[in-house]
Every structure is written in C-alpha cells, then in structure tokens.
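Tertiary structure, described
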Amino acid sequence: MRGRGLICAALLMTAGRISVCPQPAGQLNVCHAGSLQAAFSQVEKEFAALHPGVTVSDISGGSVALARRMAAGIQSCDVFAAADYTDIDLFLKPIGLADYTIVFAEGRMVLAYLATDPKTQGIAAAGDFKPPASVPEAISTWYRVLLAPGVRIGGAHPFLDPGGYRSHMIFQLAQAHYNVANLYNALLEHYVVFPAAEGTGPTLGNEYSFQFTYEHSAATAARSNPSYRYVHLPDRIDLSTTANNSYYAQAEVTIPGPGVPGAKASVSIPASRVAWGLTIARKSPNFQNAVAFVNLVLGADGAAALTAHGPAPITPAHVSQSDYARLPRSVQRLVVAR
C-alpha cells in the first residue's frame, strides 16, 4: 500500500492540481510472525475470496519488532499475531493497543542442522529421520557438540524476535536441567545473530551449524532439502508442554520496551510453552474486516491452514477469563475462557 500511495502522489504532482487518491472499498492490515506466513497466506486468500472489495496487506516479521513498530505508529496493524502470545500481554496491552490475547496455535522448539555438515556429526541418537512420524532425540550430551571449537549457533536477535530470545531461554533451561555450571554463558558464546534483511543471508551449514527453530518450520525445510535434519530435545528444555510452564518460567530474558511514552524502559519475558497469540488492535480503523479475518483463523478454515502448514491449531482457541468479556461477540463463540 505504501508503494501505491507514492505512485498516486506522483501522478497528482504531474497533473499539477490538488486531488484525493481513490481509496479501496475496504482495507485490512494483517501483521504476523514470519512463522505464520504459509498458514496466514492461505487464510488471506480465503478471506479475499469472501470479501473481494477488501484490500489485504500482509506484513510479516519478528513479533517484537512488529509490536515496536505498531507502538511507534510506524506500522498500522488491524490484526496482530505473535509467535509468543505473551508479547501481546507485555508489549501491547500496557500501552492500550490491545485488550485481549487469543492463544490459537502451539508447537515446540527443535535443534536443526545439516547432515552434510561435519560439525554436526553425532548429535542425533539412534532412529530414522522421517518426519513427522519419526524424529530422533538428541543425544544426552548434545550441548557438548554445540560447544566444540568453531561451532556456531545461528538465530534471530532476541530483542526483535521470539525465536531469538527462546534460544537464550533454552540455554538457561539446559543449564538447570543438566546442572552444568556456566553452561548458559558457554552456549551464549557460540550464538551468532543473523540479520533480518530480505534476500540472501547467512545459511545453515555454512555460516553456522545449528539453529533452534519451530518444528513446523523445520519440517517444511526438511521436505525441500534432503540434507536438512532436526532432533528433539527433552520437554523440560524445548518449551513444548503446558504442564512445564512453572518450570520454564525460571528462564527469563529482559529486552528493551516499546520505546514510546508511558511504556516501561525494559520488559522481562519469562519462558513459557511455545504458543502463538493474536489480537485485534483496540483502535483498528478496519474493525469489522479484522473480526471477519479472526473468525476465519479461529474457525475450520484457519484450523485447516494451520494443520497443513503449521503451527498446530489449538481448537478451540482460548483466552483468559478477564479477556473473554472484551472479545467481539462473534469471536467469543469460537474460543473458551480459562
């Protein structure tokens, strides 16, 4: 839409007169984590078929980076979907940009690598790699492989993306789980941040040997690359289990706040199971379109898209007891309050 506005402005200047650019019949700005791209693209196509007069803008990126741009007024978001539902609670609710958090999908973190990389040999225990039916466990001393000289663990910046700060949480949980002194710091010394820029960047097997990533993203990569592999970690480390939330919470990452007046200078994020959350912006100018889109995501169409592409849908999605009353009525019928 930004490009369309620039083209329109240029035409008006050429014409040498004052006019108004024609507006679309409707608009919807969907801001979402990159890990939702495939599933949300499918839902957006279905939405466009049902609402041909609405122009849908798809904005993908790191959930924390998107939340900061939204808070600063740089990015307009009608629907905001984060890879970590707590980002809505911690970044958007305190500054009045959101009233509720709908937890609608779940997954786990896995350790990915290439079988052709000599630095990754021996990381997997016995077993066939035939996802999703068969995925090997990591050996019990997997962290020693990551600590070998020259091994690098690639990941997103923890200030911008949940995938980045979840890697740091895994380091903390590994130290607690294995009771190895200084393991967190030792693993952190092997962590390298890769840029979020589009186009060719650092690649697995070249600039780094391992990456903690979402299982559905890893499964997609494995289908297109016969050398791609990943292993499962213990559930006390991989952020996969709701029952472990109190245990996960001992790991915490503190990052800068939204950077706007009234917001905290820093935000502490306790670890919790991997779950995606969404909300509709409190002052969305396209509220009815946003509600219609969220209804699709939470209904059968969204469940089918998430099942096909990941992450796994939570059906029905859920909200807190206090958030339930703030939901649009049509959305209330698609969720449960916990």
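Look up a bit, the structure's there.
Residues numbered from 1 in each chain as written. Predicted model: local features only at pLDDT ≥ 70, side-chain atom pairs only at ≥ 80, totals over all residues. Heavy atoms only, no water.

1. Topic: helix H2 (residues 37-50)
- Over its 14 residues, H2 extends 20 Å from the first C-alpha to the last, a length consistent with the 20 Å expected when each residue adds 1.5 Å.
- All buried positions along H2 are accounted for by Ala-39, Phe-40, Val-43, Glu-44 and Phe-47. Buried positions in H2, seen along its axis, are confined to an arc of 130° and lie on one side of it. Exposed side of H2, more than 90 degrees from the buried face: Lys-45 and Ala-49 are the residues found there. (Helix = DSSP H or I, 4+ residues; strand = E, 2+ residues; numbered from the N terminus. Expected span 1.5 Å × (residues − 1). Buried < 20%, exposed > 50% of the residue type's maximum accessible area, 1.4 Å probe, protein only. Arc of directions from axis to C-beta.)

2. Considering the nonpolar core
- Among the nonpolar cores identified, the biggest contains 84 residues, and Ile-102, Phe-104, Trp-142, Leu-146 and Phe-212 are the most heavily contacted of them.
- Listed in part, the eleven residues of the second largest apolar core include Leu-204, Tyr-208, Ala-218 and Tyr-228. (Core = buried A, V, L, I, M, F, W, Y, C linked by side-chain atoms within 4.5 Å.)

3. Quick notes on the sheet that holds strand E4 (residues 102-106)
- Ordered by their spatial adjacency, seven strands build an open sheet running E2-E1-E3-E12-E4-E13-E14, and the pairing between neighbours is mixed. Edge positions in the sheet fall to strand E2 (54-61) and strand E14 (335-337), since each of these pairs with one other strand and no more. Taken over all neighbouring pairs, the strand axes of this sheet differ in orientation by 25° on average, direction set aside.
- Pairing of strand E1 (residues 26-33) with E2, which is carried by eight bridges, proceeds in the parallel orientation. Residue pairing for E2: Gln-27 is matched across the bridge by Thr-55. (Pairing = 2+ DSSP bridges. Axes fitted to C-alpha atoms, helices over the stretch in contact; angles between N-to-C directions.)

4. Describing the packing of aromatic side chains
- By the definition in use, this model includes 13 aromatic pairs.
- Considering the side-chain rings of Trp-142 and Tyr-143, the 6.0 Å spacing of their centres and the 80° angle between planes classify their relative orientation as edge-to-face.
- Judged by relative accessible area, Trp-142 falls into the buried class, the value being 0%.
- Judged by relative accessible area, Tyr-143 falls into the buried class, the value being 8%.
- Taken together, a centroid distance of 6.2 Å and an interplanar angle of 70° make the contact between Trp-142 and Tyr-178 edge-to-face. Taken together, the positions of Trp-142 in helix H5 (residues 142-146) and Tyr-178 in helix H6 (residues 162-178) put the pair 36 residues apart, joining distant regions of the chain.
- Ring pairing ties together the aromatic residues Trp-142, Tyr-143, Phe-171, Tyr-178, Tyr-191 and Phe-212, which thus form one cluster.
- Its end group placed over the ring of Tyr-247, Arg-236 keeps NZ or CZ at 3.6 Å from the ring centre. (Phe/Tyr/Trp six-rings, centres within 6.5 Å; stacked < 30°, edge-to-face > 60°. Lys NZ or Arg CZ within 6 Å of the ring centre and 35° of its normal.)

Interpretation in functional terms is not warranted from these geometric data alone.
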